[in-house]
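One-letter residues, chain by chain:
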Amino acid sequence: MSARGSRWLAALAAMPLLVGSGVALAGDVEAGKAKADACLDCHENDYFAGVDAEEIEALIRAGRAGEFEHKADEIRELAEEDIADVAAWFAHEGAK
Ligand code: HEC
């Protein structure tokens, strides 16, 4: 097996840790812009002003889990992998 192959294995092994910490894999602001579109019917760009991306992500997850009443289904229709991007975008907009 090549050195390259073993680097891949090491990267794969590290991945669940990164996802779990929520730190290393920050959301993609650009990608989040389009994905947040469904939220903007009701939420202004700066709705989460002063809240950092990690907290916004936690709020979205709480909404999906039914921990608070959210009148729009959009929050549950977000794909799992889009949550961090949407949170990053709202954090970016709110920091302007
Ligand atoms: C149809 C309107 C509507 C849409 C669309 C919508 N929301 Fe909301 N959302 C609300 C309202 C209204 C509240 C305040 C709580 C309530 O009365 O339901 C809220 C509250 C929240 C909260 C709770 C935190 C807080 O400060 O109140 C989060 C998180 C949230 N929305 C995220 C989202 C995300 C992410 C999307 C897009 C995927 C989205 N919402 C789409 C109407 C909407």
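Residues numbered from 1 in each chain as written. Predicted model: local features only at pLDDT ≥ 70, side-chain atom pairs only at ≥ 80, totals over all residues.

Moving on to the packing of helix α3 (residues 53-64) against helix α5 (residues 83-94). Two elements in contact, α3 and α5, have axes separated by 8 Å at closest approach and are oriented at 130°. One finds that α3 runs oblique with respect to α5. Along this stretch, α3 crosses α5, giving a crossing that reads as right-handed. Two secondary-structure elements touch here, α3 through A53, I56, E57, I60 and R61 and α5 through I83, A84, V86, A87, A88, F90 and A91. (Axes fitted to C-alpha atoms, helices over the stretch in contact; angles between N-to-C directions. Helix = DSSP H or I, 4+ residues; strand = E, 2+ residues; numbered from the N terminus. Parallel < 35°, antiparallel > 145°, perpendicular 65-115°, else oblique. Left-handed = near helix turned anticlockwise from the far one by under 90°. Contact = placed C-beta atoms within 7 Å.)

Along its 12 residues, α3 runs 16 Å from first to last C-alpha, staying within 8% of the 16 Å computed at 1.5 Å per residue. Considered for burial, the residues of α3 that qualify are A53, I56, E57 and I60. Seen end-on, α3 carries its buried residues on one side only, within an arc spanning 100°. Where α3 is buried, its residues touch α4 (74-77) and α5. A positive backbone phi angle near 80° is found at G66, which sits one or two residues after α3. (Expected span 1.5 Å × (residues − 1). Buried ≥ 20, exposed ≤ 12 C-beta atoms within 10 Å, placed from the backbone. Arc of directions from axis to C-beta.)

So, about the site of the ligand. Close to the ligand lie 16 residues; C39, C42, L59, A72 and E74 are nearest. Sorting the residues of the shell around the ligand by element identifies α3 and α4 as the ones contributing at least two each. The element contributing the most residues to the shell around the ligand is α3, with three residues. Here the residues of the shell around the ligand sort into nine nonpolar, three polar and four charged. (Near = placed C-beta within 6 Å. Nonpolar A, V, L, I, M, F, W, Y, C, P; charged D, E, K, R; others polar.)

Bringing the nonpolar core into the picture now. In terms of nonpolar packing, the biggest core is built from 15 residues, with I56, V86, A87, F90 and A91 touching the most fellow members. For this core, the elements supplying multiple residues, two or more each, are α3 and α5. Sort the elements by how many residues they give to this core and α5 lands first, with eight residues. Leave out the neighbours within four places in its chain, and F90 touches A36, Y47, F48 and I56. (Core = buried A, V, L, I, M, F, W, Y, C linked by C-beta atoms within 7 Å.)

For α5, spanning 12 residues, the distance from its first C-alpha to its last is 16 Å, which sits close to the expected 16 Å at 1.5 Å a residue. In terms of burial, α5 is a largely internal element, 10 of the 12 residues being buried. Among the residues of α5, I83, A84, D85, V86, A87, A88, W89, F90, A91 and E93 are the ones counted as buried. The inward-facing, buried residues of α5 contact α2 (29-35) and α3.

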